[in-house]
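Understanding the architecture of this molecule
One-letter residues, chain by chain:
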Amino acid sequence: MFLSKTKRLLFLVVCCFSITFLKAQAPLQVTGTVKNEKNEPIQGATIEESVSKKKTQSDIQGKFTILTTDKGTISISYVGYETTNFAAKSQLDIVLNPSTTVLTDVVVIGYGTQKKKEVTGAISTITAKDFQKGAITTPEQLIAGKVAGVTITSNGGGPGSGSVIRIRGGASLGAGSDPLIVIDGVPLQGKNIDGSSNIAGSSDPLSLINPNDIESFTVLKDAASTAIYGSRASNGVILITTKKGRGKKPVFTYSTQVSVGTLARKVKLQSADQLRAYVDSFAPNNSFKPLLGTANTDWQDEIYQTAVSTDNNLSVSGKLKNVPYRVSAGFLNQNGLLLTDYLERGTAGISVSPVLLNNHLKIDINLKGASTKTRFGNGAAIGSAVYFDPTQPVRTESPFGNYNEWSTPNPITQTIDLNRLATRNPVALLNLYRNISHVQRSYGNIQLDYKLHFFPDLHANLNLGYDIAKGRGNVDVPDYAAQNYADSGQRNQYLNKINNKVGEFYLNYIKDLKQIKSNINVIAGYGYYNNLTTNYSFSNYRYNGNLIPGSGKANAVDMPENTLISFYSRLIYTYNEKYILAASFRRDGSSKFAKDNRWGTFPSVAFTWRMINEPFLKSSKTLSDLKLRLSYGVTGNQDGIANYSYQPFYTPNPNDSTSYVQLGDTYYGSYTPSAYDQNLKWEQSQSMNIGIDFGFMNNRITGSIDLYSKKTKDMLNTIPIPLGSNFAPKILTNIGSMENKGIEFAINTILLNNKKYNWSVGFNASYYDNKITKLTAIQDSTYKGTILSDGNGIRINTVGYQAGSFYVSKQEYYNGKPVEGLYADVNNDGVHDNNDLYRYKSPTPKYVFGFSSQFSYKKLTASTVLRANVGNYMYNAVETGASQSSVFNVLGFVSNSLSKINNTNFVYTQSRSDYYIQNASFLKMDNIGLAYNVGSILKNKAQMQISFNCQNVFTVTKYTGIDPEKYNGIDDSLYPRPRTFTLGASLQF
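Overview of the structure.

Cut-offs applied
Residues numbered from 1 in each chain as written. Predicted model: local features only at pLDDT ≥ 70, side-chain atom pairs only at ≥ 80, totals over all residues. Heavy atoms only, no water. Helix = DSSP H or I, 4+ residues; strand = E, 2+ residues; numbered from the N terminus. Buried < 20%, exposed > 50% of the residue type's maximum accessible area, 1.4 Å probe, protein only. Contact = heavy atoms within 4.5 Å. Pairing = 2+ DSSP bridges. Salt bridge = Lys/Arg side-chain N within 4 Å of Asp/Glu carboxyl O. Arc of directions from axis to C-beta.

Glancing now at the environment of Phe331. Structurally, Phe331 can be placed in strand β19 (residues 323-335). For Phe331, a relative accessible area of 40% gives the class partly exposed. C-alpha of Phe331 to C-alpha of Gln490: the two residues are 159 residues apart in sequence and 32 Å apart in space. Dropping the residues within four chain positions of it, Phe331 is found in contact with Thr310, Asp311, Asn312, Glu344, Arg345 and Gly346.

Here it is as structure tokens:
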């Protein structure tokens, strides 16, 4: 009886508790939205409730619905943002904050990835959210000013003109100094040694890559991170990762931009009236006065235009039966500032990433393609617009297409004779010159990563890639055009093809040894790289199609080819997440060298100490990261070395009448032997780096400091050799050495971070010092150095000086003005001659700075990027024309000059005077922009954002030319960079 009562009592108690529990845990449906710090919806955020552990994801509008209880907790997470927990309620509007803890981020390294907290090398990663904004044509423009130690100098304002990229200043003189660029595992072939594109008809090979497809850049700067790429890594490596598929449902993204480019600055020239007054000031009745016209023509206004451009991109990404994919297409129509100059580019891409065999086999397929049509404006018009007489009209009745050209009537033949030595009409140079190219390029790869079923710690990775291109074009100039009047015009063509193949296979073993607090990551692999170029040489033709006599009949085909074979390995050992030791080894064999010099070895070793994990720092509330990095490595450089320079070879002579021998009615071409060096080999650079990574306040402040030293030996240099010892008086050989030293500093801060405001600021600074230490095999006091061909030999490489220093005469002054022909007797021998030329300054800046800021308030975001160079100098070649002899000459025409012609009163051009070496230090605002997140439109089916950007906003400098930034330091008719205003909109649905 008692037991029965007890059972009934217990039953009543359980029922009461159950009723109470059910009341306390009532079902609750939670709906809400997830947005980022810019108040933009986040698609694909993970929402998890704490009771049943059910999960869901936010949709394209950031919306979600999940069932829990009124006592439950909702956890929301998204990659790159802090995971946040909220008490469950019926409506949750969430703003996620960017993750300030980046120690768990994974970064791309050579042949794999690594946790950022364990990186041993000097590596910088820039993702899409930090890219430069606006009208971006080539990929490298996205990261200009963003990375310490990386300078990106535009080649000019032409459409797709590209840039000169230098990492830590480069490491070569006679070979290439461009970094190795790898896109999704496919290494791209470098430019030609002179910096021109290796694809005929393209301004720059990178102009065939759509920046809109790029997800991130990873810049490898020191030998510890680059040595795994061996003989191609002395100038650094840039790893580009393109966008991949993500999310579940298909997401369409469409972006459109309209840009207007305007001339930011003109060369300051004499106006027509000023030129008339200048001519009249010497003698009212001089023989040049009758040559002047009555017009008032601003030739710069005549050749430049307001350049309107459009850029449209469409992509769709998602998963199809759990296979991530992304398909994209883009079309760019970019007009240049220069009349007739334009670029049309269509691009397409596809990325597919299936996972098979129960997650053991991962496949990445990336295919990209581009097709361009380019009309190149005649760059000679830029210089001609500076010097052509502004008193002359653009057009007049003439046999030269009714363009006004310097000419005189011939009373004997009753015709008009062209003054062939005079400056050509700038507008005619453009309108009567048609250089149109068509270029197609495709690159891509398939990469298979297989985790062995019977040994899951071991991965086998196979990467098969390609990079093919075809560039062709025609140059047409009518027979009446003054620019080709002597040859009755021209109708020429050009064509080349690129076929590069990549094959790589490596094994990757990763093992956590928890018993001894260790982790081992080992790779060992093999690489095969083949580069084949087919160059076609064509005969020269007149405009009417007739063959120019002596230019040959048969077309010539040249097919240079080189192959690189590699064996490589790397070990990364981590102990207790505090000490990381990394070592790599690469053995490269290149067909560019003779058998005895064909193979090279490129090792590296690095150590990292994560001091933040030491007991005496781990509990710090202020310091959130502190890491010390030490590294040493050897890298190589074979860019700029011809495929067959180690053996005798012969090249066909140019297609002109002096290079052919006529036998009967047939012309036979001749060949010229080239100098060769059978001992030729690649340059080698030995690099040391010490770096510190730091973080404060839960990594709201992060940064790094790096000190490095790089010594290059076996550096290529062209030196004089005894006559008769080879096929030329000079030869390219491994004879030089150079030393680079520098300091890099980068800091990123999150100043504000809450629901309404977010403000992040980044700053980087670099100091660079360069010195040549050897140029010849033996000490030769008579050898002044290697005079560079650009700028009429105004630069020189000399032992003990910075590379590319200016080689000029020291100008003497009187009352603050330069005195014509009066120069310092530098060597004190009583006369001034070429022995008194001295090395003065350099185009290379000593200090480079970058600053970026992004401020968000609710739906509005403002951003800016500024750059500065300090210590760089420029040779103002345009200004050397400001002399009397440039205006008055005995050739029967008058030229214009700069408005500052009276500053010197030079009668003759003083082109070697250091007066024209000017301080070109500058501060530039590269970009300023405003973006507004409109939010949901079309009945909540799409998200919209609109933006406005201005590029090349202003420049502060003492330099008197139109732009203080040109890589080689020679300002000779620079294609001006436009000031560009861009209005853009993007839709996601």
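Picking up where we left off.
Among the 15 residues that make up strand β33 (residues 623-637), 13 are buried, leaving the element largely enclosed by the rest of the structure. Note that strand β32 (residues 599-609) and β33 share 6 bridges and pair antiparallel. Pairing of Ala606 across the sheet is with Ser631, part of β33. Bridge count for β33 against strand β38 (residues 683-696) is 14 bridges, and the pairing is antiparallel. Within β38, the position partnered with Ser631 by the bridge is Asn689.

You can see Ile382 is positioned in helix α5 (residues 380-387). Sequence separation between Ile382 and Gln300 is 82 residues, and the spatial gap between their C-alpha atoms is 7.8 Å.

Inspection of the secondary structure assignment puts Ser566 in strand β30 (residues 561-575). On the basis of relative accessible area, Ser566 is assigned to the buried category, the value being 0%. In contact with Ser566, not counting residues within four places along its chain, are Gly525, Tyr526, Gly527, Tyr529, Arg586, Arg587 and Asp588.

On to the sheet that holds strand β42 (residues 786-787). Within the open sheet, the 4 strands sit side by side as β42-β43-β44-β47. Their pairing is antiparallel. Each edge of the open sheet carries a strand with a single partner, namely β42 and β47 (838-840). Of the pairings in the sheet, the one linking strand β44 (residues 805-808) to β47 comprises 3 bridges and is antiparallel in character. Residue pairing for β47: Phe806 is matched across the bridge by Tyr840.

What follows concerns the sheet that holds strand β54 (residues 970-971). The strands making up a sheet are joined through hydrogen bonds of the backbone, oriented either antiparallel or parallel. If you walk across this open sheet you meet the 3 strands as β51-β50-β54, and the pairing is mixed. At either margin of the open sheet sits one strand with a lone partner, and together these are β51 (917-919) and β54. Relative to β51, strand β50 (residues 873-876) is paired through 3 bridges, and the arrangement is antiparallel. Within the sheet, the bridge partner assigned to Tyr875 lies in β51 and is Ile917.

So, about the pattern of salt bridges. This structure, assessed with the given rule, holds 33 salt bridges. Of the charged contacts, one joins Glu215 and Arg246 as a salt bridge, the two residues approaching to 4.0 Å between their closest N and O atoms. One end of the pair, Glu215, is in strand β15 (residues 214-220); the other, Arg246, is in the loop between β16 (237-242) and β17 (251-263), and 31 residues separate them in sequence. Residue Glu215 is classed as partly exposed on the basis of its relative accessible area, which comes to 25%. Asp273 is paired through a salt bridge with Arg276; the nearest N and O atoms lie 2.7 Å apart. Here Asp273 and its partner Arg276 are both found in helix α3 (residues 272-282), 3 residues apart, which amounts to about one turn of the helix. Each of Arg867, Lys924, Asp926, Asp963, Glu965 and Arg977 takes part in a single network of salt bridges with overlapping partners.

Within the sequence span of α3, burial applies to Ala272, Leu275, Tyr278 and Val279. One side of α3 holds all its buried residues, which, seen down the axis, span an arc of 125 degrees. Buried residues in α3 make contact with α8 (884-887).

What follows deals with α5. At 3.6 residues per turn, the α-helix brings residues three or four places apart onto the same side. Judged by how many residues are buried, α5 sits mostly within the fold: 6 of 8 residues are covered. When α5 is considered as a whole, its buried residues turn out to be Ala381, Ile382, Gly383, Ser384, Ala385 and Val386.

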